[in-house]
Amino acid sequence: MTGLLLPVAALALSGAGIAALRQAWDKRTRWTPWLLSAGWAACALAVALCGAWLGAEVGIPAGITLFSIVALAVLATHVRWREVRSGPARASATDPSDRPSRLWRGVIRVLLAGPLSGLAAVGAGVALAKGLPLGEADRIAIGGLTVPLLWAGGMVWTLADDRILRALAVLILSSIAAYTAAFI
Amino acid sequence: MTKPIWPKIPARFVSSMLAGHSALGLAFAALMYVLCISGTLLVPTAELARWENPTVPITTHMPPATIARMLETGVQIAAEQGINDYIVATPPAADAPYASLRIMDFTTGAETIYNVDGQGNLLGERREGALHFIEHLHINLHMPQMIGLTLVGLAGVALLASVVSGTLSHPRIFRDAFTFRRGGSRRLQEADLHNRLSVWALPFHIAVPFTGALLGLSAIILGTLAMAAFDGDMSRARATIGGPVFAEDPAPAPLPQIVPAIESALAKHPEARLQRVALYKAGEKGQSFLVALHMPRDLTLSEQYFYDGEGNLAGSRGFADGPAGAQLIAALGPLHFGWFGGWPVKIAYVLLGLGLTAIISTGVTIWIARRKDKGKPVPGWERAWYALVWGQPISYCAIALTSLFGLHLPEIPFYLGVCLLAFVPAFLAPAPLAVSRYLRIVLGLMLIALPVLHALRYAPEGITDPAAWIVNASLLLSAALVLGSIRLPWPTRKFAEHAPAIDSR
């Protein structure tokens with residue numbers, strides 16, 4: 001029975017936390033900051049309880065996974081069914097920006113987001129793996145973990161930046177800086 | 001009224017982010033979809049392997065002496081094939097309650113897995129069906145290892161970038177967090193599903209592509225970093241990342257004493273469970289073996305202790321109690337596939353994996369709806385997308401059905417053929433949504449056929465593993481959901497067929 005106490009408490013806290021968040025975002029009142037704080041605190045406590053139940057290494061990711069599932073379950077109970085509408089279009093929200101579509105811009109954008117961002121990310125990873133004042137395994141792990149994050153960041157930025165030549169220049173400069181730091 | 005605490009994001013920034021998000025999503029949509037749906041099916045790998053081998057007797061415990069005997073049997077079988085590279089004995093575990101013996105040839109990459117009973121006797125080769133195919137589809141797209149892994153890793157980076165750009169292009173991320181509308185305009189409906197699933201499962205959506213990118217690109221990234229960090233000394237790099245390295249010596253030697261090593265490792269870690277014992281270069285002077293222990297409160301699948309040919313402990317990989325870096329690397333696989341925390345996490349990962357698959361699918365349908373709104377419809381792409389979306393699970397079911405009856409068709413041409421067949425309704429259906437409906441009927445029927453035929457095939461032999469019945473029940477439930485989604489009286493259905501899509505996110 002006591003074995004079930006922690007997971008049940010974690011589940012209940014997650015549910016209560018998400019309900020508080022829903023209340024806070026649904027209608028803005030003077031209680032909103034309190035509800036937000038209480039909601040996030042309950043969710044954090046639920047994750048901590050999972051950590052206490054399964055051990056921090058397993059319990060914390062398990063608790064975060066539980067949080068997502070509970071949140072989606074709460075969301076599923078709040079579906080708003082709407083009538084079929086065939087009238088004229090309402091004012092639209094934000095659309096993707098219209099960019100000049102020329103072949104050379106597309107080619108440069110692909111090169112920037114793919115190989116150039118990758119090269120810059122690997123350069124930064126190598127710089128960390130060589131330069132961090134840590135043990136060998138730690139340096140390689142941190143350098144390695146950094147690469148996909150920076151590569152993804154480079155992809156996001158180069159594909160989003162409407163000024164493509166600025167993106168090209170910054171990426172080349174940051175690659176040079178990374179490789180210089182790594183090998184000098 | 002209080003002021004919002006979140007700063008207002010400029011509309012131009014959101015537009016730019018959306019443009020990048022859209023370009024990235026469309027460029028990688030098909031690849032990301034295939035990887036997500038196949039990855040979701042790999043979460044319950046142990047249970048699906050049990051479903052494919054439902055007549056193997058359940059074993060709950062195996063003493064070290066039996067495991068050593070299994071390995072000796074494995075060495076004999078391998079010797080008959082002229083190999084001794086890698087022989088692995090796996091005792092029963094909670095999620096895989098039977099023992100197995102695996103023999104691998106490093107030169108050709110060929111491997112054979114045998115089921116083993118509680119006394120260590122071989123029961124015959126393990127049946128491998130759709131699971132094996134899906135595994136290789138997810139890991140390397142059935143391409144040469146290096147090319148496939150790199151492509152998969154690149155798709156992981158692209159998915160991670162999509163998650164970041166999608167989040168940044170969401171100006172009302174908190175205000176809309178609980179807004180979930182069905183019906184109305186198609187674009188709005190799909191955008192709500194896309195955004196709500198994305199936001200609430202954000203930790204999962206960051207963790208899975210991030211770990212996937214690292215696993216896919218590990219050979220390139222870790223190889224480059226290790227080479228740079230160790231000034232090209234790859235043996236030192238291998239030792240740091242992969243554990244002790246043993247010098248090769250092909251002179252013959254007796255097999256090492258494995259039982260004392262297992263007993264001593266378990267004595268030092270009484271909370272641990274023996275996960276596997278692997279013998280390298282068996283019968284040579286340069287042989288070595290590893291004892292892998294699963295630590296219940298560690299994220300890593302196992303800690304690996306390496307022994308030389310004399311049975312002396314040479315070191316470990318440090319996955320359980322070594323440097324933080326080694327532990328981080330060891331956590332990538334379990335975090336990616338949900339192989340931690342037992343069946344509740346597995347169920348959650350399957351649900352979230354299906355959610356991520358739906359996010360990718362709706363991402364494309366939002367684009368299709370937006371094109372329609374702007375008066376530039378793309379009905380051909382719409383039909384093709386539905387064919388691709390539903391063609392994947394249909395092709396996996398088709399492979400599972402053929403392997404159920406031992407039809408060893410060439411898997412890749414068969415898979416590609418079924419995927420292509422799924423495009424036939426795209427040419428014949430009267431409307432794009434009809435393509436989706438026809439294919440869902442086919443999938444639903446296949447999901448019914450699978451458990452029925454599985455029971456008919458194995459019931460006469462005696463299904464000993466309850467996991468087989470659980471998987472069969474899950475298949476029937478999936479069939480009900482797929483077929484039910486065709487008949488669901490949602491306003492969406494009426495709307496999608498009779499009214500133009502006009503709203504926006």
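Keep in mind that what you see is a predicted model, and the values were worked out from it rather than measured. (Residues numbered from 1 in each chain as written. Chains lettered and ligands numbered in written order. Predicted model: local features only at pLDDT ≥ 70, side-chain atom pairs only at ≥ 80, totals over all residues.)

Novice: Can you help me understand the overall build of chain A in this one?
Specialist: Assigned secondary structure in chain A consists of six helices and one strand. Here the C-alpha radius of gyration of chain A, 24 Å, is well above what a compact globule of 184 residues would show, namely 16 Å. Taking the principal axes of its C-alpha atoms as reference, chain A extends roughly 60 × 60 × 30 Å. Split into buried and exposed, the 184 residues of chain A put 38% on the buried side. Long-range pairs, those at least 24 residues apart, make up 62% of the contacts in chain A with a sequence separation of at least 6. (Helix = DSSP H or I, 4+ residues; strand = E, 2+ residues; numbered from the N terminus. Rg over C-alpha atoms; globule rule 2.2 N^0.38 Å. Buried ≥ 20, exposed ≤ 12 C-beta atoms within 10 Å, placed from the backbone. Contact = placed C-beta atoms within 7 Å.)

Novice: Would you explain the sheet that holds strand S8 (residues 303-308) of chain B in this entry?
Specialist: Pairing between the strands of a sheet comes from backbone hydrogen bonds, and it takes one of two forms, parallel or antiparallel. Residue and element names in this part refer to chain B. The eight strands are arranged S4-S3-S2-S1-S6-S7-S8-S9 in an open sheet whose pairing can be described as antiparallel. Only two strands of the sheet have a single neighbouring strand rather than two, namely strand S4 (122-125) and strand S9 (313-316). On average, each strand axis in the sheet is tilted by 20° relative to the strand beside it, whichever way the strands run. For strand S1 (residues 86-90) and strand S2 (residues 99-104), the ladder comprises five bridges, and the chain directions are antiparallel. (Pairing = 2+ DSSP bridges. Axes fitted to C-alpha atoms, helices over the stretch in contact; angles between N-to-C directions.)

Novice: Teacher, can you tell me more about the interface of chain B and chain A here?
Specialist: How big an interface is tends to be stated in terms of accessible area lost as the parts join. The interface of chain B with chain A comprises 75 residues on the first partner and 67 residues on the second. It is helix H7 (residues 202-229) of chain B that provides the largest number of residues to the side of chain B that touches chain A, a total of 13 residues. Classifying every residue of the side of chain B that touches chain A gives 48 nonpolar, 17 polar and ten charged. (Nonpolar A, V, L, I, M, F, W, Y, C, P; charged D, E, K, R; others polar.)

Novice: How should unusual backbone geometry be read in this particular structure?
Specialist: It is generally the case that most residues other than glycine have a negative phi and that most peptide bonds are trans. Residue and element names in this part refer to chain B. For Leu 141, which is not a glycine, the phi torsion comes out positive at approximately 55°. With respect to the element layout, Leu 141 can be found in the loop between helix H4 (130-140) and helix H5 (145-168). Positive phi values are uncommon outside glycine, yet His 142 reaches one of about 60°. Within the secondary structure, His 142 sits in the loop between H4 and H5.

Novice: Quick question: what am I supposed to make of the pairing of strand S6 (residues 273-280) of chain B here?
Specialist: Within a regular strand, side chains alternate between the sheet's two faces. Residues and elements named next belong to chain B. Across four bridges, the pairing between S1 and S6 is antiparallel. By the bridge assignment for S6, Val 88 is matched with Ala 278. With seven bridges joining them, S6 and strand S7 (residues 288-294) adopt antiparallel strand pairing. If you follow Arg 273 over to S7, its bridge partner there is His 294.

Novice: It is not clear to me how the packing of helix H1 (residues 11-42) of chain B against H4 of chain B should be interpreted in this structure. Could you clarify?
Specialist: To describe two helices that pack against each other, one gives the angle between their axes and the distance between the axes. Residue and element names in this part refer to chain B. Between H1 and H4, the shortest axis-to-axis distance is 9 Å and the interhelical angle comes to 135°. Considered as vectors, H1 and H4 are oriented oblique to each other. Considering the relative orientation of H1 and H4, their crossing is left-handed. Packed against H1, whose contacting residues are Val 34, Leu 35, Ser 38, Gly 39, Leu 41 and Leu 42, the element H4 presents Ile 134, Glu 135, Leu 137 and His 138 at the interface. Considered class by class, the residues forming the contact of H1 with H4 number six nonpolar, three polar and one charged. (Parallel < 35°, antiparallel > 145°, perpendicular 65-115°, else oblique. Left-handed = near helix turned anticlockwise from the far one by under 90°.)

Novice: Whenever I open this one, the pairing of S4 of chain B confuses me. Can you help?
Specialist: Residue and element names in this part refer to chain B. One ladder, built from three bridges, connects strand S3 (residues 111-116) with S4; its direction is antiparallel. Looking across to S4, one finds that Val 116 is bridged to Leu 122. Here S3 folds back onto S4, and the loop between the two strands holds five residues, one of which, Gly 120, carries a positive phi near 90°.

Novice: Before we go on, may I ask you to explain the domain arrangement of chain B in this structure?
Specialist: Residues and elements named next belong to chain B. If you check the domain split of chain B, you get domain 1 (17-51 + 134-213 + 339-498) and domain 2 (57-126 + 244-316). Each partner contributes to the interface: domain 1 provides seven residues, whereas domain 2 provides six residues. Here the side of domain 1 that touches domain 2 is built from residues that sort into four nonpolar, one polar and two charged. (Domains from an automatic or database assignment.)

Novice: Help me out: how do you make sense of the nonpolar core in this one?
Specialist: In summary, soluble globular proteins display a tendency toward joint burial of nonpolar side chains. With 197 residues, the main nonpolar core has Met 155 of chain A together with Met 32 and Ala 158 of chain B as its most contacted residues. When residues of this core are assigned to their parent elements, the largest contribution, 16 residues, is made by H1 of chain B. (Core = buried A, V, L, I, M, F, W, Y, C linked by C-beta atoms within 7 Å.)

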